[in-house]
Amino acid sequence: QKWILSPHPTRDRSGYSYQPIYLLRQHNLSTLSDRLATRPFLTLIEKTWITFQILKALESIHTVGICHGHVTAENICVTSWG
């Protein structure tokens, strides 16, 4: 795992300054967007499982007071083992 601090500190609506942090793992090979377009296509149960994992991750970071940025299929990394 590798933590990367964004070089661009920013402010939220209430005026608090914060510096975005990104957690990267080198074994992530594709984005969710790439995987959705790749054969064999995901089954309904696989899509449901990925959706569940994304929602649980968002719930976890919200619980500890971390705000996420722009969540899209292009910026969600996936692996072959989930």
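Residues numbered from 1 in each chain as written. Predicted model: local features only at pLDDT ≥ 70, side-chain atom pairs only at ≥ 80, totals over all residues. Heavy atoms only, no water.

> Explain the overall build of the protein here, please?
Summing up its helical and strand segments, the protein has two helices and six strands in all. The linear arrangement of helices and strands in the protein, starting from the amino end, is β-β-β-β-β-α-α-β. Looking at the 82 residues of the protein, the share that counts as buried comes to 10%. Here the contacts in the protein between residues at least 6 apart in sequence split such that 37% fall between residues at least 24 apart. (Helix = DSSP H or I, 4+ residues; strand = E, 2+ residues; numbered from the N terminus. Buried < 20%, exposed > 50% of the residue type's maximum accessible area, 1.4 Å probe, protein only. Contact = heavy atoms within 4.5 Å.)

> Would you mind showing me how to read the nonpolar core here?
One broad rule of soluble globular proteins: the nonpolar side chains tend to lie buried together. Counting residues in each nonpolar core, the largest one holds five residues, listed as Leu 32, Leu 42, Ile 50, Ile 76 and Val 78. Residues contacting Leu 32, with those up to four places away along its chain left out, are Ile 50, Ile 54, Ala 73, Ile 76 and Val 78. (Core = buried A, V, L, I, M, F, W, Y, C linked by side-chain atoms within 4.5 Å.)

> Can you walk me through the environment of Thr 38 in this structure?
Structurally, Thr 38 can be placed in the loop between helix H1 (32-36) and helix H2 (44-63). The partly exposed category is assigned to Thr 38, whose relative accessible area is 38%.

> How should the pattern of salt bridges be read in this particular structure?
Any two side chains of opposite charge can pair, so long as their charged atoms come close to each other. Inspection of every chain in the model, using the stated rule, returns one salt bridge. Of the charged contacts, one joins Lys 56 and Glu 59 as a salt bridge, the two residues approaching to 2.8 Å between their closest N and O atoms. Taken together, the residues span about one helical turn, with Lys 56 and Glu 59 both in helix H2 at a distance of three residues. Its relative accessible area of 38% is what places Lys 56 among the partly exposed residues. (Salt bridge = Lys/Arg side-chain N within 4 Å of Asp/Glu carboxyl O.)

> Would you explain the packing of aromatic side chains in this entry?
To describe a pair of aromatic rings, you give the distance between the ring centres and the angle between the ring planes. Taken as a whole and assessed by the stated rule, the structure comprises one aromatic pair. Here the aromatic rings of Trp 49 and Phe 52 are separated by 5.5 Å at their centres, their planes lie at 20°, and the arrangement is stacked. Taken together, the positions of Trp 49 and Phe 52, both in helix H2 and three residues apart, correspond to about one turn of that helix. With a relative accessible area of 41%, Phe 52 lands in the partly exposed category. (Phe/Tyr/Trp six-rings, centres within 6.5 Å; stacked < 30°, edge-to-face > 60°.)

> Explain the side chain of Thr 31 here, please?
Along the chain, Thr 31 falls in strand E5 (residues 30-31). If near-sequence neighbours (up to four positions away) are discounted, Thr 31 is found in contact with Ala 73, Glu 74, Ile 76, Cys 77 and Val 78.

> Just checking my understanding: could you explain the confidence of the model for the protein for this structure?
Residues shown with low pLDDT carry predicted positions that ought not to be read at fine detail. Averaged over the protein, the pLDDT score is 79; the fraction of residues at 70 or greater is 66%. At the level of individual helices and strands, the protein shows its lowest average pLDDT in strand E1 (residues 2-5), which scores 57, and its highest in H1, which scores 92. (pLDDT = per-residue confidence, 0-100.)

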